[in-house]
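Descriptive structure summary
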Amino acid sequence: MITVAIAEDHQSFIDGIKLLLEYEDDIKIVGTANDGEALLDLVRLKQPNVVITDIRMPKMDGITATKVIKKELPHIKILGFTMFDQKDAIKQMLDAGASGYLLKNSPLEEVLKAIRAVYNGNTYFDANIEIEAENDTNKKAKSILTKRQVEILNLVALGKTSREIADELFIGIHTVETHRKNMIRILGLQGKGELMRYALEKKYKF
């Protein structure tokens, strides 16, 4: 059973997610919060497997709450939920320790995929999220890539297809394709061919 806590300052949004999840046999909501401080209290008490948190909340924002949770309870997986698709917001959530990021206008079914993905140790990013190209040095490009993206990039360099990468990393092919698209945007590339060339030239290790 995957236990989930939700933090969002709009109760109607919480109600929508609860309605979606109540029919899932493998997912259980253990609590909800309307601000960042209440989220911390909830997480410390219930210690859920996955936290879904808005970025903009009263008293304490989701980014700060994520930092505290990952410091105190690093095993808990966190999904960022927001109306904002700016690169800065995504980067701040990743730096804080989030394992995934979804836009609020994404289909609610996307939430199920994201919860299960991060619970199983993977990252998950909404396919509709547009990450602006990083036009700085390769060092900075590396710093914005997640560990999972670096793993995929190195497998791309070996000539692996998305299906082969998905099988090797035990993740969905959709997740691989989403990471590919995001890396192309992050690195300022033009397509899959350039991603392959870039991967061959720059093999990163964490």
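Note that the structure is predicted; figures quoted are calculated from it, not measured.

**Here we look at the environment of K28**
With respect to the helices and strands, the residue K28 is situated in strand 2 (residues 27-33). We classify K28 as partly exposed; its relative accessible area is 49%. Residues K28 and A5, 23 residues apart in the sequence, show an inter-C-alpha distance of 8.8 Å. Setting aside residues no more than four positions away along its own chain, K28 makes contact with M1, I2, T3 and V4.

**Quick notes on helix 1 (residues 11-21)**
Looking only at helix 1, the buried set comprises F13, I14, I17, L20 and L21. The arc that holds every buried residue of helix 1, seen down its axis, measures 125°, which confines them to one face. Every exposed residue of helix 1 that faces more than 90 degrees away from the buried side is listed here: S12 and L19. Looking at the packing, one finds that the buried side of helix 1 touches strand 1 (2-7), strand 2, strand 4 (77-82) and helix 5 (108-119).

**Quick look at the pattern of salt bridges**
Opposite charge on two side chains permits pairing when their charged atoms draw close. Enumeration according to the criterion identifies seven salt bridges in this entry. For the salt bridge of E72 with R44, the shortest nitrogen-to-oxygen distance reads 2.8 Å. Of this pair, E72 sits in helix 3 (residues 62-72) while R44 sits in helix 2 (residues 36-46), and the two are 28 residues apart along the sequence. Salt bridges sharing common partners tie together E24, D26 and R116.

Calculation rules
- Residues numbered from 1 in each chain as written.
- Predicted model: local features only at pLDDT ≥ 70, side-chain atom pairs only at ≥ 80, totals over all residues.
- Heavy atoms only, no water.
- Helix = DSSP H or I, 4+ residues; strand = E, 2+ residues; numbered from the N terminus.
- Buried < 20%, exposed > 50% of the residue type's maximum accessible area, 1.4 Å probe, protein only.
- Contact = heavy atoms within 4.5 Å.
- Arc of directions from axis to C-beta.
- Salt bridge = Lys/Arg side-chain N within 4 Å of Asp/Glu carboxyl O.

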